[in-house]
Amino acid sequence: MDNLYFLTRFDYTLIIVSIGAALLGTVSGALGTYAVLRRQSLLGDAISHAALPGIAIAFLLTGSKTPLILVLGAAVAGWLGTLIILSIVRLTRIKYDSALGLVLSTFFGFGLVLLTFIQRSGNANQAGLDDFIFGQAATILKRDVLTIGILGGVALIIMVIFWKELKLLIFDEGFAASIGLPTRSLDILLTSLLVIAIVLGLQAVGAVLMSAMLVAPAVAARQWTDRLNLMVTLAACFGAFAGVSGTIISSSATGIPTGPTIILCATVAVGFSIAFAPNRGLLWNSIKQRRNRRNLKIATNKFVGATAAENQIKENDTRTS
Amino acid sequence: MIQEHLDILLIAIVTASACALPGVFLVLRRMTLMSDAISHAILPGIVLAFFLTHSLSSPLMILAAAATGVLTVVFVELLQKTKLVKEDAAIGLTFPALFSIGVILISRFSSNIHLDIDAVLLGELAYAPLNRLEISVYDLGPVSLYVMGGMLLLNLAFIIIFYKELKLATFDVSLAATLGFAPALIHYGLMTLVSMTTVGAFDAVGSILVVALIAGPPATAYLMTDSLTRMLVLSVIIGCMNAVSGYWLSFLLNVSIAGTIATVTFFVFGLIFMIVPNRGLISIARRHIRQKWEFAQTMLVIHLFNHEGLPEAQDESEIAHLHEHLRWEPTFATRVVKYALNNRYVSQQATQLMLTDRGRSIAQQALVQ
Amino acid sequence: MQAPDVKAIEVTDLTVAYRETPVLWDIDLDVPPGVLLAIVGPNGAGKTTLIKAILGLVRPAAGNVLIYNKPYALQRKIVGYVPQRGSVDWDFPTNVLDVVMMGRYGALGWIRRPGKQDREMAMHALEKVGMEKYTTRQISQLSGGQQQRVFLARALVQDATIYLMDEPFQGVDATTERAIISLLQELRENGKTVVVVHHDLQTVTDYFDWVTLLNIRRIASGPVDETFTSDNLRETYGGRIAFMKNR
């Protein structure tokens, strides 16, 4: 009887954690697509690191570890970090990458200062705050799943409502502005959605690895499709898949942390997609290239002068590569 | 006690200098994030080397980590070459994957090894002096001091020997290539040094804050000077000052040393950004205000110049209509006219503005530039 | 053609500056309706900036732009825009038809999705530019000329009265160039006003009937046969200092 009780309890935890990870994967996969397409993959890294002091300050001010309050603190700090990065790039000669690195590491350092301060102040309630650094998916509770589900759902709904506007914004900002779209506000909206996706994932995956949750599913999805709607859907699926499979694998043995396992699952999906996806994948391309070359060689021997064909082969190679 | 403080301070200063030197080139080559990637990605290398040597400070450790770091760079570049992944995404994919492998290795075998992810990621400078280099009975000082001192000398030697090549490969890759300076070799040499420096700095500050040491002082120095040599010197000075004041503050507040150094780095950057002449926020704002009025006056004389002697000139130079033509606020237009009259760019004839010779030459100069 | 009272585009005293550097100084420009106008000038003359200022994409330091006597914000629906081809990422996951349908977004307004009618308009525009066979083609797999045709089709579905095009001939093959110019001429025949940023001085007289010579300030503007003179060209492209002394 006792054994059975433990078994159901264990399963219950696993199910909650899996649902949480799947939801996270869905939200970050879908929204990460926009970050990858705008070439802002690493902005996610900066936001997730910059969020740490926000979490600490939110805890210091309220003394509570309610997910919503911590997420709010993280979001404010993440936004502030983004704002500082963009201002540095706009106002100085310092380039995007340096501004990103500077904000990422110094905000994180400030977060550490605050965390050590909280620890040494002897607040009994503080345990678990450093989960936000490394992530602790196993500690996901029902209320966390609820927070993820509601906030993530709202973010996805907003994404769908402004679908065509956001698409135009990232494809052709100038044209978007010319037909009267408020590109500035849309930009802020999109960054806010990204911030939401990131701060939701912090507890499970941690600041260090969160950026991969945004980037990997989107990169994998990009290889399979040339349509944005399919790419977003696929990225959400890959994210959910990585979340669930990572959770299950890590629960199957001791000493395998969940966050890194989720990231590795997502990375495997990327590797598989880059290698085997039709049309774009490496395997497909090398077959196509070889066939092109052979066909052309036959044609060369039969009809055309050798130099002309050589040029053609070169041209084909550059086109397929 | 005092000896311990001195040791920590020395390690902090040496580490900050060793990081700032290659950091200058990373910042200029727009590759700062590569240091972020490397600092995370070398974790599996460290773990594997630790399995082999059971020590955190053997030379093998530094070599293994450096190899992993260079491998990361190669891997990111290979991913990019497939053209299926853009550069930022390639970096964003590679280092979390390698870092994950490292974390899993550590937690899987944590019972056998005394390697703590916290220590690797966050570092603890306070413990650095505990590991001492001892030959027979003589205590020669903390090991990290020797490791980082060696790295500092190595970086310094690399930069001094290859100064010309580094400079050229940073500012004009294609020219460096045509002159036969093998920019790829310089690139990988720099990346190897960054990897080695990063792993050396692990003990002291941890992998994320290494980025603050690498990116912070050079970015701050970049605001202050145009000369590469000066930027190198300034970066080292700023890095050392950040380290010293950060350590001192952390001691007062009893909080994480590395975290405080990073925080100080940010505030020093912010301070310099505010006050530095020419490029600072304050001087930008000042110049902006001054230029706003100068610019408006130039606009006014050009406006008059363009319509001078043409049929519509009468209407265009009517003072009361100026703000409509130029779409200025009436009060703004009145002030601009006042300034322009004071500067004798224009003269007033009844209700009309006429260009003076001086105003005409101002307009011509503005149009020619 | 020269109905002097109605002006399709009226630019008065327009000055644009990026930070401290002026890009356009006090530009006056009237474009009568129904002309095919080339904006010509050396690199850095502010041609693209002028187009962007007309579209309200950059904020002028002074001056004013009117489209048929009203500010641009009120006239958006009658203006079509073709940006430079290099301004977008052609590896974006979308296909030809989808890009062309983006031209309908302005008319659709917020939230509403393009429907069957929009699709038909897009198909029609694609036929016009000879790209109807490529509707489902991913945009990265198009040649430069084909990409330009797609952009043109996107502007066509905007069903505008005024078209502003930024270097539509850049990097396109000769066939495409001929196809584009005959399309632009057809637009003019239908009473549309077409403003084109143009690079190739050789073709100005063949292609256009109206020209604006620009170099930070407007040098001259008017019908090609009157305006496109060697004196004006010298003023635009060189000998500027000599001109200043002569004045």
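Because the structure is a prediction, the values reported are computed rather than measured.

Turning to the sheet that holds strand 7 (residues 193–197) of chain C, a few remarks are in order. Residue and element names in this part refer to chain C. The six strands lie next to each other as 5-6-7-3-8-9, forming an open sheet whose pairing is mixed. Of all strands in the sheet, those bounded by a partner on one side alone are strand 5 (79–82) and strand 9 (217–223). On average, adjacent strands in this sheet sit at an angle of 15° to one another, irrespective of strand direction. Both strand 6 (residues 162–166) and strand 7 contribute to a ladder of five bridges, which runs parallel. Along strand 7, the bridge assignment pairs Asp 166 with Val 197. Packed on one face of the sheet, helix 7 (residues 174–189) meets strand 3 (36–40), strand 6 and strand 7 and runs near 125° to strand 3. Packed on one face of the sheet, helix 10 (residues 230–237) meets strand 3, strand 8 (210–215) and strand 9 and runs near 35° to strand 8.

To continue, consider the interface of chain B and chain A. Between chain B and chain A, the contact holds 58 residues from the first and 54 residues from the second. Carbon and sulfur atoms make up 75% of the area that chain B and chain A hide from each other, which totals about 4,800 Å². By the criterion of area lost to chain A, the three top residues of chain B are Leu 33, Leu 84 and Phe 266 of chain B, representing 14% of everything that side buries. Linking chain B with chain A are one salt bridge. Linking Arg 93 of chain A and Asp 226 of chain B is a salt bridge whose minimum nitrogen-to-oxygen distance equals 2.2 Å. Summed over the shared surface of chain B and chain A, the number is 13 residue pairs in polar contact (both at pLDDT 80 or more). The leading source of residues in the side of chain B that touches chain A is helix 5 (residues 87–108) of chain B, at 15 residues. Here the side of chain B that touches chain A is composed, by residue class, of 35 nonpolar, 14 polar and nine charged.

All names here are of chain B. With their axes 12 Å apart at the nearest point, helix 8 (residues 163–171) and helix 12 (residues 228–253) run at an angle of 105° to one another. Considering their axes alone, helix 8 and helix 12 lie roughly perpendicular with respect to each other. Residues Tyr 163, Lys 167 and Phe 171 of helix 8 lie in contact with helix 12, whose contacting residues are Leu 228, Thr 229 and Leu 232.

Below, the discussion takes up the nonpolar core. Membership of the largest hydrophobic core comes to 268 residues, with the highest contact counts inside it found for Val 85 and Leu 125 of chain B together with Ile 9, Leu 14, Leu 50 and Leu 184 of chain C. In contact with Val 85 of chain B, other than residues within four places in its own chain, are Val 219 and Ile 274 of chain A together with Leu 79, Gln 80, Ala 90 and Leu 93 of chain B.

Time to look at unusual backbone geometry. Peptide bonds are trans in most cases, and residues, glycine excluded, mostly fall at negative phi. Residue and element names in this part refer to chain C. The backbone of Tyr 68 sits at a positive phi, close to 45°, despite the residue not being glycine. Tracing the backbone through its elements, the reader meets Tyr 68 in the loop between strand 4 (62–67) and helix 2 (72–75). Of note in the backbone geometry, Ile 111 takes a positive phi value of approximately 65° without being a glycine. The class for Ile 111 is partly exposed, based on a relative accessible area of 47%.

Let us look at empty space enclosed by the protein. Residues and elements named next belong to chain A. What the rule picks out here adds up to three cavities of 30 Å³ or more. Taken as a whole, the second largest cavity encloses approximately 50 Å³ of empty space. Considering the residues around the second largest cavity, the lining is formed by Leu 31, Tyr 34, Ala 35, Arg 38, Gln 40, Leu 190, Thr 191 and Leu 194. Mapped by element, the contributors of at least two residues to the lining of the second largest cavity are helix 1 (2–37) and helix 9 (183–205). In terms of residue class, the lining of the second largest cavity is made up of five nonpolar, two polar and one charged.

A few words on the packing of aromatic side chains. The geometry of an aromatic ring pair is captured by two quantities: the separation of the ring centres and the angle between the planes. Tallying each qualifying case throughout the model produces 14 aromatic pairs over all chains. Centre to centre, the rings of Phe 266 of chain B and Phe 267 of chain B are 5.7 Å apart; their planes meet at 80°, and the pair counts as edge-to-face. By relative accessible area, which is 17% here, Phe 266 of chain B ends up buried. Under the relative-accessibility criterion, Phe 267 of chain B is labelled exposed at 54%. Judged by centre distance (5.1 Å) and plane angle (45°), the rings of Trp 90 of chain C and Phe 151 of chain C are tilted. Placement of the pair is Trp 90 of chain C in the loop between strand 5 and helix 3 (96–101) and Phe 151 of chain C in helix 6 (residues 144–156), with a sequence separation of 61 residues. Members of the aromatic cluster, joined through ring pairs, are Phe 171 of chain A together with Trp 90, Phe 92 and Phe 151 of chain C. It is Arg 154 of chain C that lies over the ring of Phe 175 of chain A; its NZ or CZ is 3.6 Å from the centre.

The next subject is the environment of Gln 158 of chain C. Within the fold, Gln 158 of chain C resides in the loop between helix 6 and strand 6. You can call Gln 158 of chain C buried: its relative accessible area is 11%. For the pair formed by Gln 158 of chain C and Ala 107 of chain C, sequence separation is 51 residues and the distance between their alpha carbons is 7.6 Å. Here Gln 158 of chain C is in contact with Phe 175 and Ile 179 of chain A together with Lys 77, Val 79, Gly 80, Tyr 81 and Gly 103 of chain C, once residues within four sequence places are set aside. A distance of 3.1 Å separates a polar side-chain atom of Gln 158 of chain C from the backbone nitrogen of Tyr 81 of chain C.

Cut-offs used in this document
Residues numbered from 1 in each chain as written. Chains lettered and ligands numbered in written order. Predicted model: local features only at pLDDT ≥ 70, side-chain atom pairs only at ≥ 80, totals over all residues. Heavy atoms only, no water. Pairing = 2+ DSSP bridges. Helix = DSSP H or I, 4+ residues; strand = E, 2+ residues; numbered from the N terminus. Axes fitted to C-alpha atoms, helices over the stretch in contact; angles between N-to-C directions. Contact = heavy atoms within 4.5 Å. Buried area = accessible area lost by both parts, 1.4 Å probe. Salt bridge = Lys/Arg side-chain N within 4 Å of Asp/Glu carboxyl O. Polar contact = N/O pair within 3.5 Å; in protein donor to acceptor, adjacent residues only side chain to side chain. Nonpolar A, V, L, I, M, F, W, Y, C, P; charged D, E, K, R; others polar. Parallel < 35°, antiparallel > 145°, perpendicular 65-115°, else oblique. Core = buried A, V, L, I, M, F, W, Y, C linked by side-chain atoms within 4.5 Å. Buried < 20%, exposed > 50% of the residue type's maximum accessible area, 1.4 Å probe, protein only. 1 Å grid on protein atoms, 1.4 Å probe; cavity = no way out; pocket = protein on both sides within 12 Å on 5 of 7 lines; lining within 4 Å. Points joined across faces, edges and corners; volume = space filled by probe spheres on them. Phe/Tyr/Trp six-rings, centres within 6.5 Å; stacked < 30°, edge-to-face > 60°. Lys NZ or Arg CZ within 6 Å of the ring centre and 35° of its normal.

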